[in-house]
Structure formats: structure tokens, C-alpha cells
Amino acid sequence: MDDQDPALQLVHLLRAVTVELDLFGAEFADDNGLHPTDVRALIHLLDAGRAGRTATPGWLGAQLGVNSASTTALIDRLERLGLVRRERDTRDRRRVLLAVEDKAVSMGWSFFGPLIDEMVAAMASFDEPELAAVRRFLLSMRDVVAAGRQGRRAAAPGDA
């Protein structure tokens, strides 16, 4: 591939942003005695809450790509830290739902809030059509990466 290709340059920039965000998240994890997977779990749970999606241990494990024993250990750890809680589904008492505690939200905002504020402020220099194009681009890239992960899992040896 040609390094001067504008599309490839965007891929490299997207990767660079991803690396910076990952490093920022690792600092948050380190500052709060968390594992990076704990942070990813909290992000998935917060995103589920914003989307009005029900979060169960099975759903969380699928999002993280970990087995049920690892998911249980992760939830136990986050629950001990007071960051998540298990609740019984009021419609099906056999089903366990996961909820993020206010402590986790406060912890996240105190660390990530200034960065989020700066990111939102930086977006003010873009007009609506530009923001729409960036949104379309990011959604497309997210979908491509998610499909790539799904494809790799489906093709992984020993999964049959």
C-alpha cells in the first residue's frame, strides 16, 4: 500500500487516536487499581445504560470476548470495589442484570471529564455537515472493525 494514500493516512490517524485513548484509559485503570478489562467492562455497561439496553453477565462477557468464569470474576471484582451491582430482573427473577454504581460514574467523570470537555470544545470548529461526515466515518470504521473481529472469531481453529 502507498503511504501517501489519503485513506491509508486516515487509517493511521484513527489508529493513533485509538492508541492515545487506550493509553489514557490505562492511566485511569492504574490510578484506580483496575485492570484494563475492568475499564472496558464499565464502558460497555455505561454505553448499554445510555442506549437503554439490558446488560446481563452473558451480554457483558460477549462484548468483552471472555468466558463466563472470567466474566463472573470481573463482575465480582467490580462489585467488591463498589463500581457495579447485580440486580434481579423484576420480570424474570432468574435473570441477573448489571448496573453501574454512581461511584463509578463519578470516578469516570473526574478523570475523563476534562478530556471530554476539550474534545467537545474542539468539535465546535466543525460545522454540522462536517460533524455528520465524521460521525458516518466513525460508525463505518466501528462496523468494519467489529465485523473483522467477528470474522476472526468465526474462523478461529477449535471453535467448531
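Look above for the structure.
Residues numbered from 1 in each chain as written. Predicted model: local features only at pLDDT ≥ 70, side-chain atom pairs only at ≥ 80, totals over all residues. Heavy atoms only, no water.

## Brief notes about the nonpolar core
Next, step 1: Counting 22 residues, the largest nonpolar core has Leu-34, Leu-42, Leu-45, Leu-60, Leu-74, Leu-78 and Leu-83 as its most contacted members.
Next, step 2: Listed by contribution, the elements that provide at least two residues to this core are helix H1 (6–31), helix H2 (36–51), helix H3 (57–64), helix H4 (68–80), strand S2 (96–100) and helix H5 (102–123).
Next, step 3: In terms of residue count, the dominant contributor to this core is H2 (five residues).
Next, step 4: The contact partners of Leu-60, leaving out residues within four places of it in the chain, are Ala-41, His-44, Leu-45, Leu-74, Ile-75 and Leu-98. (Core = buried A, V, L, I, M, F, W, Y, C linked by side-chain atoms within 4.5 Å. Buried < 20%, exposed > 50% of the residue type's maximum accessible area, 1.4 Å probe, protein only. Helix = DSSP H or I, 4+ residues; strand = E, 2+ residues; numbered from the N terminus. Contact = heavy atoms within 4.5 Å.)

## Focus on the environment of Ser-125
Next, step 1: By secondary structure assignment, the location of Ser-125 is in the loop between H5 and helix H6 (128–155).
Next, step 2: At a separation of 3.0 Å, a polar atom in the side chain of Ser-125 contacts the main-chain carbonyl oxygen of Ala-122. (Polar contact = N/O pair within 3.5 Å; in protein donor to acceptor, adjacent residues only side chain to side chain.)

## Considering the pairing of S2
Next, step 1: S2 sits mainly inside the fold: four of its five residues count as buried.
Next, step 2: Sheet topology note: the strand S1 (residues 84–88)/S2 ladder contains five bridges and is antiparallel. Bridge pairing links Arg-85 to Ala-99 in S2. (Pairing = 2+ DSSP bridges.)

## Some remarks on the pattern of salt bridges
Next, step 1: Under the criterion given, the structure shown has nine salt bridges.
Next, step 2: Here Arg-95 makes a salt bridge to Asp-89, at a shortest N to O gap of 2.9 Å.
Next, step 3: Across the pair Arg-94 and Asp-92 runs a salt bridge whose closest N-O atoms are separated by 3.0 Å.
Next, step 4: One salt-bridge network, held together by shared partners, links Asp-76, Glu-79 and Arg-86. (Salt bridge = Lys/Arg side-chain N within 4 Å of Asp/Glu carboxyl O.)

## Some details on the side chain of Asp-38
Next, step 1: When you line up the elements, Asp-38 lands in helix H2.
Next, step 2: Note on Asp-38: relative accessible area 1%, which makes it buried.
Next, step 3: At a separation of 2.6 Å, a polar atom in the side chain of Asp-38 contacts the side chain of Arg-77.
Next, step 4: In this view, Asp-38 contacts Leu-74, Arg-77 and Leu-78; residues no more than four positions away in its chain are not counted.

## Focus on H1
Next, step 1: Compared with an ideal rise of 1.5 Å per residue, which puts 26 residues at 38 Å, H1 spans 37 Å between its outermost C-alpha atoms and is within 8% of the ideal.
Next, step 2: Among all positions in H1, only Leu-8, Gly-25, Phe-28 and Ala-29 are buried.
Next, step 3: Contacts made by the buried residues of H1 are with H2 and H5.
Next, step 4: Two or three places before Ala-7, at the start of H1, stands the capping residue Asp-5, its side-chain oxygen 3.0 Å from that residue's backbone nitrogen. (Expected span 1.5 Å × (residues − 1).)

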